[in-house]
Amino acid sequence: MKHILFLFFFFLKCSGILAQAPAPAPGPPPPLNVTKILEKAGQCSTFIRLLQNTQQLNEIASQLNNSNNGITMFVPTDNAFLNMKAGTLNSFNDQQKAELIQFHILPTYYSLTQFQTASNPLRTQAGGTSNREFPINITTTGNSVNITSGIVNASVSSTIYTDNQLAIYQVDNVLLPLKFFVAPAPAPAPTPITPKKKAGSSGSSSKQDVSSATSQFQEMYKGVIHKGGILLLFFSAAFSWSL
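Residues numbered from 1 in each chain as written. Predicted model: local features only at pLDDT ≥ 70, side-chain atom pairs only at ≥ 80, totals over all residues. Heavy atoms only, no water.

Peer 1: A description of the confidence of the model for the protein should follow, citing residues and the corresponding values.
Peer 2: Parts of the prediction with low pLDDT should not have their coordinates interpreted in detail. Overall, the prediction assigns the protein a mean pLDDT of 78, with 63% of residues at 70 or greater. The low-confidence segment residues 227–243, where pLDDT is below 50, has zero contacts with residues more than four positions distant or belonging to other chains. (pLDDT = per-residue confidence, 0-100. Contact = heavy atoms within 4.5 Å.)

Peer 1: Give me the pairing of strand S6 (residues 153–162): which residues, what numbers.
Peer 2: Taken together, the three bridges between strand S5 (residues 144–148) and S6 define a ladder with antiparallel strand orientation. Bridge pairing in S6 links Ile 147 to Ala 154. Where S5 hands over to S6, the hairpin turn is made up of four residues, of which Gly 150 adopts a positive phi near 95°. Pairing geometry for S6 and strand S7 (residues 166–171), over five bridges, is antiparallel. Of the residues in S7, the one forming a bridge with Tyr 161 is Ile 168. The loop that links S6 with its antiparallel partner S7 comprises three residues; one of these, Asn 164, has a positive phi angle of about 70°. (Pairing = 2+ DSSP bridges. Helix = DSSP H or I, 4+ residues; strand = E, 2+ residues; numbered from the N terminus.)

Peer 1: I'd like a rundown of unusual backbone geometry, residues and numbers included.
Peer 2: Omega for the bond connecting Asn 120 with Pro 121 falls within 30 degrees of zero, at -5°, which places this linkage in the cis form. Among the structural elements, Pro 121 can be located in the loop between strand S2 (105–106) and strand S3 (122–123). At Gln 43, a position not held by glycine, the phi torsion is positive, near 60°. Of note in this structure, Asn 164 is not a glycine but carries a positive phi near 70°. Position of Asn 164 among the secondary structure elements: in the loop between S6 and S7. Under the relative-accessibility criterion, Asn 164 is labelled exposed at 64%. (Buried < 20%, exposed > 50% of the residue type's maximum accessible area, 1.4 Å probe, protein only.)

Peer 1: Give me the lowdown on the nonpolar core, citing residues and values where you can.
Peer 2: The nonpolar side chains of a soluble globular protein tend to be buried with one another. Counting residues in each nonpolar core, the largest one holds 48 residues, and the members touching the most others are Leu 38, Met 73, Phe 74, Ile 138 and Ile 168. It is S7 that contributes the most residues to this core, five residues altogether. Among all residues touching Leu 38, those that are not within four sequence positions of it are Cys 44, Phe 47, Ile 48, Leu 51, Val 75, Ile 160 and Ile 168. (Core = buried A, V, L, I, M, F, W, Y, C linked by side-chain atoms within 4.5 Å.)

Peer 1: Which residues make up the packing of helix H2 (residues 34–41) against helix H3 (residues 45–53), and what values do they have?
Peer 2: Between H2 and H3, the shortest axis-to-axis distance is 10 Å and the interhelical angle comes to 165°. The angle between H2 and H3 falls in the class roughly antiparallel. Along this stretch, H2 crosses H3, giving a crossing that reads as left-handed. Residues Thr 35, Leu 38 and Glu 39 of H2 lie in contact with H3, whose contacting residues are Phe 47, Ile 48, Leu 51 and Gln 52. Its residues assigned to classes, the contact of H2 with H3 shows four nonpolar, two polar and one charged. (Axes fitted to C-alpha atoms, helices over the stretch in contact; angles between N-to-C directions. Parallel < 35°, antiparallel > 145°, perpendicular 65-115°, else oblique. Left-handed = near helix turned anticlockwise from the far one by under 90°. Nonpolar A, V, L, I, M, F, W, Y, C, P; charged D, E, K, R; others polar.)

What follows is the structure in structure tokens.
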């Protein structure tokens, strides 16, 4: 009997009839490693260093994890940084370097074809689009995508990575914000508020003051004349009496 049961279970195992435990469900995909993507593309070491030094990698990861809008990045090549005017990059302080990287990032995913219908100016991660903040303008000609910052013109030379959530494009020039070189237009000065005067009030008041002063002077003059007349009569009488 034992031999029969053993053969029976052996047969079931061999034929695959025995139920197997379900395979574990696949876990979520690992977070994107932007650094590795750029390293694989090559010619991005300067941009990678700036991303790391300005802590912008954490900002990118946070937005990709917490937003459905996606991100678009424009990555200048190492040669593009070398072609900048000598000393320009080193002249920027830490905040400006962070803003420079943010200026190369759009807080929305754009495919190359979506640039054709994009509404200019486009907002960047560095700030808004008004009063010379941090906007860029993008135009397309056929398959070419051109970017202008008001200081620099650049073109998309290749697509490094795209997955409908993150798009990374290589550009041939470093995008420099206009705000770094031209001060924002000053806000208009407030118009001073002047109290309205009632018609005729100033003239009437002046006339009353002149009239009052004139009347007081006339009264004083009359008093002096009156007192002078009395004194004159007194001295005349005294003189006649002495004679």
